[in-house]
Amino acid sequence: MRTRILPLLLVVGLSLTIPSAALALGNGVWVDCKHGTTDLGLCESAFAEATQVWNAEAAAEAFANGDPAPTGSVVQITTELDYDALTSGAYRLLVITQPEPNLNSGDPCYHVYDSYPSPWCDQDLTLTIPYFLSIGGRLVLLADNDSAGEAPKNSGLREILSSIPDIDMEIGSDNIGTQCLTTNDIVADPLTDGLTSWKYAQTNTISGGDPLIRFQGNGVTQTLVAAGRMLSGGEVVVAADVEGFWTADPSFPCLDSGLHAPFWRNLYRDNGAAADDDNDGFFDGDDCDDADPDIYPGAAEDCDNGLDDDCDGDIDTEDSDCGGSSGDDDDTVADDDDTIFDDDDDDDDDTSVGGFDDDDTGQQWNNSGCSCSLSSSPRGGPGFVVILGMLLGVMRRARAR
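A quick note: this is a predicted structure, and the numbers were derived from the prediction, not measured.

Caption draft 1: View of the overall build of the chain. Along the backbone of the chain there are eight helices and 14 strands. For the chain, with 401 residues in total, the buried portion stands at 45%. Sequence separation of 24 or more characterises 56% of the internal contacts of the chain that already satisfy a separation of 6 or more. Summed over its atoms, the accessible surface of the chain is roughly 20,100 Å², and 52% of this surface lies on carbon and sulfur atoms.

Printed below as a string of structure tokens:
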């Protein structure tokens, strides 16, 4: 127990230093395939088609940004996690599929999770993965049906989910034994852009998060793929059907790169990986000038340079930070007289249009256009009439005595 307290405190401390905008991540993809095994060749062939898509996307992104093309593959396929690599900012996408349980009970980091030995004997997940997500990374977990052989692997993925703060997603205990079916129930989302259908086989279910792909399982609509979004910009995507990524098994030929490629491509195109050419921590699209590091959302507005420094749409003296009005002289969205009249207080002491001028320095009421308003004089209001009546009544009673 004590050995896990320190990493947790480190995560808390690190989270306090994370900027509001995610860091600009590199173009790398880390695939932890069957964690703990030695069959690297199987893993490389399993992700061969997805790797082609990710490499092509990295090359296209470099060309669009005017950068040199990547040298070699941007995809690193291993059977382990590497803390230094994942927290360096060089990787934008982490894929973990079917980790193998650690069956060596004599290992010093052996512990049991959900009745199964943990596969994560060489890493402390309370530090590695939450930090990767806190800098804007995207994590993809590939589960499978919860049959006797696959349940321990799914439990390894459940252990990862339990280590991530603010994620409410769960992998079910379903063992839906389909051969190879196609679902067209695709939920509109940036991650599903261009995706029209999905093939699946021998699948599980997902609960929580934002559904991305759904299917009919056990007679009801179930979630096949879902995403959990974090305030840091990080995302967790859980797929209950590994066949959507795994090279086609002759028994279940369900991987279809023609159908699945748009989803793989979108996983690479995340906000954390967006271009940040001026290295100011804000990405092209959010940054209104990604060539100037002094211009970004929230920057101090320079009132004399003719530029929109803080990306709010107002330049120099038009900006409220420089005393500008932005269309309303008291810079309030719900101005108490603008709800009746159209900006009738934009000019001080404007008497051209009647109404309540809340910031008029010349008078409290600007009512030249309204014949029914009360006078600002203390003698002209209803309160004065009431007080006068009370005084007269007292005087009459005094005289009657």
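Caption draft 2: The environment of I77, seen in detail. Turning to its location among the elements, I77 is positioned in strand 2 (residues 75-78). Each C-alpha atom, one on I77 and one on G41, is 9.6 Å from the other, the two residues being 36 residues apart in sequence. Not counting the four nearest positions on each side in its chain, I77 is found in contact with V31, L40, C43, E44, F47 and T51.

Caption draft 3: Seen up close, the state of the cysteines. Throughout the structure, instances matching the rule amount to four disulfides. Two residues share a disulfide in this structure: C303 and C322, whose sulfurs sit 1.9 Å from each other. What sets the handedness of the C303 and C322 disulfide is the S-S torsion sign, and at about -90° it is left-handed. A residue pair is termed long-range when its members are at least 10 positions apart, and C303 in the loop between helix 7 (257-268) and helix 8 (382-400) and C322 in the loop between helix 7 and helix 8 qualify at 19 residues. For the chain, the bonded cysteines connect in the pattern 1-2, 3-4, 5-7, 6-8 when numbered consecutively along the sequence.

Caption draft 4: Seen up close, the pairing of strand 14 (residues 235-239). Taking burial as the measure, the five residues of strand 14 include five buried ones, the bulk of the element. Because side chains alternate across strand 14, one face comprises the buried residues E235, V237 and A239, and the other comprises V236 and V238, equally buried. The turn joining strand 13 (residues 220-229) and strand 14, which pair antiparallel and follow one another in sequence, is formed by five residues; a positive phi near 100° is taken by G233.

Caption draft 5: Spatial organisation of the packing of aromatic side chains. Under the defined criterion, the tally for this structure stands at seven aromatic pairs. Look at W30 and Y91: their rings are 5.4 Å apart centre to centre, the planes differ by 85°, and that puts the pair in the edge-to-face class. Of the two residues, W30 is situated in strand 1 (residues 28-33) and Y91 in strand 3 (residues 91-97); the sequence distance between them amounts to 61 residues. Note on W198 and F263: the rings are 5.5 Å apart at their centroids and 80° apart in plane angle, and the pair reads as edge-to-face. Remark: F263 occurs in helix 7 and W198 occurs in strand 10 (residues 198-200); sequence separation between them is 65 residues.

Caption draft 6: Just the side chain of S163, in detail. Considering the arrangement of structural elements, one finds S163 in the loop between helix 6 (151-162) and strand 7 (170-171). You can call S163 buried: its relative accessible area is 14%. In this view, S163 contacts L125, T126 and P130; residues no more than four positions away in its chain are not counted.

Caption draft 7: The arrangement of helix 5 (residues 125-134) in detail. With 10 of 10 residues buried, helix 5 is to be regarded as a mostly interior element. Buried within helix 5 we find L125, T126, L127, T128, I129, P130, Y131, F132, L133 and S134. G136 lies just past helix 5 and shows a positive phi near 100°.

Caption draft 8: How the structure looks around helix 6. Here helix 6 contains 12 residues, and its C-alpha end-to-end distance of 16 Å stays within 8% of the 16 Å for a straight helix at 1.5 Å per residue. In terms of residue burial, helix 6 counts as a mostly covered element, since 11 of its 12 residues are buried. Within the span of helix 6, buried status applies to A151, P152, K153, N154, S155, G156, L157, R158, E159, I160 and L161.

Caption draft 9: Structural context of the pattern of salt bridges. The full count for this structure, using the stated rule, is 13 salt bridges. Between R92 and E61 there is a salt bridge; the shortest N-O distance is 2.8 Å. With R92 in strand 3 and E61 in helix 3 (residues 48-64), the pair connects residues that are 31 residues apart, well separated along the chain. Residue E61 is classed as partly exposed on the basis of its relative accessible area, which comes to 22%.

Caption draft 10: Quick peek at the environment of Y296. Looking at where Y296 falls in the secondary structure, it is placed in the loop between helix 7 and helix 8. By relative accessible area, Y296 is classed as partly exposed at 26%. Sequence spacing of Y296 and D312 is 16 residues, and the spatial spacing of their C-alpha atoms is 9.3 Å.

Caption draft 11: Structural context of the side chain of D146. By the secondary structure assignment, D146 is in the loop between strand 6 (138-142) and helix 6. A distance of 2.8 Å separates the side chain of D146 from the side chain of N154, its partner in a polar contact. A polar side-chain atom of D146 sits 3.3 Å from a polar atom in the side chain of R158. If we skip the residues at most four places from it in the chain, D146 touches A151, N154, R158, G172, S173, D174, N175 and N204.

Caption draft 12: Fine view of the pairing of strand 1. Of all six residues in strand 1, six are buried; the element is thus mostly enclosed. Side chains G28, W30 and D32 project from strand 1 onto one buried face, and the interleaved V29, V31 and C33 project onto a second face that is buried too. Direction of pairing for strand 1 relative to strand 3: parallel, over a ladder of six bridges. The partner of W30 across the bridge, within strand 3, is L94. Judged from the four bridges that link them, strand 1 and strand 2 form a sheet pairing that is parallel. Directly across from W30, in strand 2, lies its bridge partner Q76.

Reading the values: rules and limits
- Residues numbered from 1 in each chain as written.
- Predicted model: local features only at pLDDT ≥ 70, side-chain atom pairs only at ≥ 80, totals over all residues.
- Heavy atoms only, no water.
- Helix = DSSP H or I, 4+ residues; strand = E, 2+ residues; numbered from the N terminus.
- Buried < 20%, exposed > 50% of the residue type's maximum accessible area, 1.4 Å probe, protein only.
- Contact = heavy atoms within 4.5 Å.
- Areas by Shrake-Rupley, 256 points an atom, 1.4 Å probe, with all protein chains shown as cover.
- Disulfide = S-S within 2.5 Å.
- Pairing = 2+ DSSP bridges.
- Phe/Tyr/Trp six-rings, centres within 6.5 Å; stacked < 30°, edge-to-face > 60°.
- Expected span 1.5 Å × (residues − 1).
- Salt bridge = Lys/Arg side-chain N within 4 Å of Asp/Glu carboxyl O.
- Polar contact = N/O pair within 3.5 Å; in protein donor to acceptor, adjacent residues only side chain to side chain.

In short, shape yes, function no, at least from these values alone.
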